[in-house]
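# What the coordinates show
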Amino acid sequence: MKINVIGLGYIGLPTALTLANAGFNVIGTDYNKELVKTLNEGKITFKEDGLEELFNEVINNKNIKFTTEYQDVDYYIISVPTPYDKMSKKVDAKYVINAVKEVLNYCHEDSTIIIESTVSPGTINKKIKPLINKKVHLVHAPERIIPGNMMYELKHNSRTIGADEKEIGAKVKEIYQKTTDGDIILTDIKSAEMTKVVENTFRAVNIAFANELAKICSYDNLDVYEIIKICNMHPRVNILEPGPGVGGHCISVDPWFLVGDYPFLAKLINEAMNINDSMPEYVLKRAREIMEENNITDFKRVGLYGITYKENVDDYRESPTLQLLEAQKNHLAEPLKVYDPFIKEDLVANQYHNLKDFLQDIDLVIIMVKHNEIVNNLDLLKDKIVLDTKNIMKGAYKL
Ligand code: SAJ
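Computed from a prediction, not measured in an experiment: that's the story for all the values here. (Residues numbered from 1 in each chain as written. Predicted model: local features only at pLDDT ≥ 70, side-chain atom pairs only at ≥ 80, totals over all residues. Heavy atoms only, no water.)

Tracing the backbone shows valine 365 in strand β12 (residues 364–367). The buried category is assigned to valine 365, whose relative accessible area is 1%. Between the alpha carbons of valine 365 and leucine 268 there is a distance of 34 Å; along the sequence they are 97 residues apart. Non-local contacts of valine 365, meaning those with residues more than four positions away in its chain, are made with Gly303, Tyr305, Phe358, Leu359, Leu381, Lys384, Ile385, Val386 and Leu387. (Helix = DSSP H or I, 4+ residues; strand = E, 2+ residues; numbered from the N terminus. Buried < 20%, exposed > 50% of the residue type's maximum accessible area, 1.4 Å probe, protein only. Contact = heavy atoms within 4.5 Å.)

Here is the structure:
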């Protein structure tokens, strides 16, 4: 069976490889010529544990091809980004809409278009169905894999298939069941859309709770990590970790869809998102307090360790560090110094590519990301003043 995966980014590429590995004939399509060229040269386009091994196995031994062209096949999987409109907070489905329009130019009657991209409840009925100009089937199969553990989760996560035509849902379930040993739950399209957004919103709200606790504890000189550790020993309490903010393309984005669509109802969610968004500025405020306490007067002697949105990945979309750099533009004449072992290109001003050079030029290090590199080399920080937003270093200043 031939499957055309549209969009070869963080979700599409691992998905295409997993399907090919399971025995399907896969064509991966992306409009980014450079990306397709890189893949065709036998190189992966981002780092993820286990991705390169699977890529090499699949391109050498299985049936896959990468192209900028759409295909005429029985099944399409659409995994393109869905940003949100910063003003209205509503989902911006333009990439999904364009991909579906393209597919419709190539597909035959009775083919099935599976949308994996996250969309807010009702989007497929309201924005995609009206585009359909021939007899094709629509399915929503939101992905659940977490960057950093994607390859494992693709094989073992349970997942949701939303289909308004039951027999089509059953056929799509058969496809995914060849790739995962997790349970596959069938529901309707709108419910599937809602589940995906709710899952990420659950995590966003819980992170916001931890972040608010960090602020409260800091205000009253309590150790938030000690409080959380003790509370989490209660059998029904499981508080997440506070941090310098929430990044990535999912948890910092998807909950806004609910705020945008249900503004008079989504009060808690709105506040939670505002709390998470306030964290980078809060880190800056903590840094000022620490500078004052230690007689550091010059922000030139302050550096941010980590640019990516979380540890040991090279994805920096919506990252707390980038949010902080944006926020500091209003306060500081010159951008803070920055370093990240996963970011090889020059992304921001005052960026270092060598940890030792970076540390040499600063007195106060703000740990924004707990990459293994720093967790395993904390001794390099022994002569520094450290604001540790990720709780990896004993004796350091905390959030
Ligand atoms: N974070 C905290 N405290 C925590 C956990 C996370 O501050 O206790 C921060 C991280 O540092 C990061 C952000 O939140 O900046 C998001 O990271 P994450 O690891 O929680 O999640 P993502 O965005 O990488 O992946 C999420 C996952 N969703 C859930 O866990 C409900 C993943 O399963 C989804 O597939 C993914 O979103 C997606 O694509 O929607």
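The strand order across the open sheet formed by 8 strands is β3-β2-β1-β4-β5-β6-β7-β8, and the pairing between neighbours is mixed. Both edges of this open sheet fall to β3 (64–67) and β8 (184–187), since each of them pairs with a single strand only. Geometrically, the sheet is characterised by an average inter-axis angle of 20° between neighbouring strands, direction not taken into account. Bridge count for strand β7 (residues 159–163) against β8 is 4 bridges, and the pairing is parallel. Residue pairing for β8: threonine 160 is matched across the bridge by isoleucine 185. Here helix α1 (residues 12–21) sits on the sheet and contacts β1 (2–6), β2 (25–29), β3 and β4 (75–78); the angle it forms with β3, its principal contact strand, is near 150°. (Pairing = 2+ DSSP bridges. Axes fitted to C-alpha atoms, helices over the stretch in contact; angles between N-to-C directions.)

This next bit is on the pairing of β4. Burial along β4 is two-sided: the face carrying Tyr75 and Ile77 and the face carrying Tyr76 and Ile78 are both buried. Across 4 bridges, β4 lies against strand β5 (residues 112–115) in parallel orientation. Following the sheet pairing, isoleucine 77 is matched in β5 by isoleucine 114. The handedness of the β4 to β5 crossover, carried by helix α4 (residues 94–106), is right-handed. (Right-handed = clockwise from strand over helix to strand, strands pointing away.)

On to the domain arrangement of the protein, then. Assigned domains of the protein: these are domain 1 (2–196) and domain 2 (223–398). Summarising the inter-unit geometry, the C-alpha centres of domain 1 and domain 2 are found 32 Å apart. For the pair domain 1 and domain 2, the interface holds 1 salt bridge. A salt bridge links aspartate 261 to lysine 90; its shortest N-O distance comes to 3.6 Å. At the surface where domain 1 touches domain 2, the tally comes to 5 residue pairs in polar contact (both at pLDDT 80 or more). Looking at the side of domain 1 that touches domain 2 residue by residue, the classes come out as 11 nonpolar, 5 polar and 4 charged. (Domains from an automatic or database assignment. Salt bridge = Lys/Arg side-chain N within 4 Å of Asp/Glu carboxyl O. Polar contact = N/O pair within 3.5 Å; in protein donor to acceptor, adjacent residues only side chain to side chain. Nonpolar A, V, L, I, M, F, W, Y, C, P; charged D, E, K, R; others polar.)

Spatial strand order, β11-β10-β9-β12-β13: 5 strands in an open sheet with parallel pairing. A strand with exactly one partner marks an edge of an open sheet, and here the two such strands are β11 (351–352) and β13 (385–388).

Take the site of the ligand next. Residues in close proximity to the ligand total 20 residues, the closest being Glu143, Arg144, Lys196, Arg203 and Tyr309. Between glutamate 143 and the ligand, the recorded distance is 2.5 Å, taken from a side-chain N or O atom to an oxygen atom. Take arginine 203: an N or O atom from its side chain is 2.5 Å from an oxygen atom of the ligand. Here the ligand, which alone exposes 780 Å², has 89% of that area covered by the protein. Looking at the shell around the ligand residue by residue, the class counts come to 9 nonpolar, 3 polar and 8 charged. The two domains that each donate at least three residues to the shell around the ligand are domain 1 (2–196) and domain 2 (223–398). (Near = heavy atom within 4 Å. Areas by Shrake-Rupley, 256 points an atom, 1.4 Å probe, with all protein chains shown as cover.)

Once that is clear, we can look at the packing of helix α8 (residues 189–219) against helix α11 (residues 267–293). Running from amino to carboxyl end, α8 crosses α11 at an angle of 45°, the nearest separation of the two axes being 8 Å. Classed by the angle they form, the pair α8 and α11 counts as oblique. Of the two possible hands of crossing, α8 and α11 adopt the one that is left-handed. Each of Thr201, Ala204, Val205, Ile207, Ala208, Asn211, Glu212, Ala214, Lys215 and Ser218 in α8 lies in contact with α11, whose residues at this interface are Leu268, Ile269, Ala272, Met273, Ile275, Asn276, Ser278, Met279, Tyr282 and Arg286. Across the contact of α8 with α11, the residue classes break down as 12 nonpolar, 5 polar and 3 charged. (Parallel < 35°, antiparallel > 145°, perpendicular 65-115°, else oblique. Left-handed = near helix turned anticlockwise from the far one by under 90°.)

With that out of the way, let us pick up the pattern of salt bridges. What the rule picks out here adds up to 18 salt bridges. The partner of lysine 196 in a salt bridge is glutamate 143, with the nearest N and O atoms 3.3 Å apart. On the criterion of sequence distance, the pair formed by lysine 196 in helix α8 and glutamate 143 in the loop between β6 (137–140) and α6 (150–156) is long-range, its members being 53 residues apart. No difference in accessibility class separates lysine 196 from glutamate 143, as the two residues are buried.

Turning our attention to α8. An ideal rise of 1.5 Å per residue puts 45 Å on 31 residues; α8 measures up with 45 Å between its terminal C-alpha atoms. The opening residue of α8, the one whose side-chain oxygen lies 3.2 Å from the backbone nitrogen of lysine 190, is aspartate 188. (Expected span 1.5 Å × (residues − 1).)

With 12 residues, helix α7 (residues 166–177) extends 16 Å between its outermost C-alpha atoms, agreeing within 8% with the 16 Å of an ideal straight helix rising 1.5 Å per residue. Three or more residues of α7 are buried, namely Ile168, Gly169, Val172, Ile175 and Tyr176. Looking down the long axis of α7, one finds its buried residues gathered within 115° of arc, a one-sided arrangement. In α7, the exposed positions angled more than 90 degrees off the buried face are occupied by Lys166, Glu167 and Glu174. (Arc of directions from axis to C-beta.)

With that settled, the discussion passes to the nonpolar core. Side chains that are nonpolar tend, in soluble globular proteins, to be buried together. Formed by 38 residues in total, the largest nonpolar core has its most connected members in Leu17 and Phe66. Broken down by element, this core gets its largest block of residues, 5 residues, from α1. Discounting chain neighbours no more than four positions away, the residues touching leucine 17 are Leu51, Leu54, Phe55, Val58, Ile64 and Phe66. By size, the runner-up hydrophobic cluster in this structure holds 32 residues, among which are Val224, Leu325, Val369 and Leu399. (Core = buried A, V, L, I, M, F, W, Y, C linked by side-chain atoms within 4.5 Å.)

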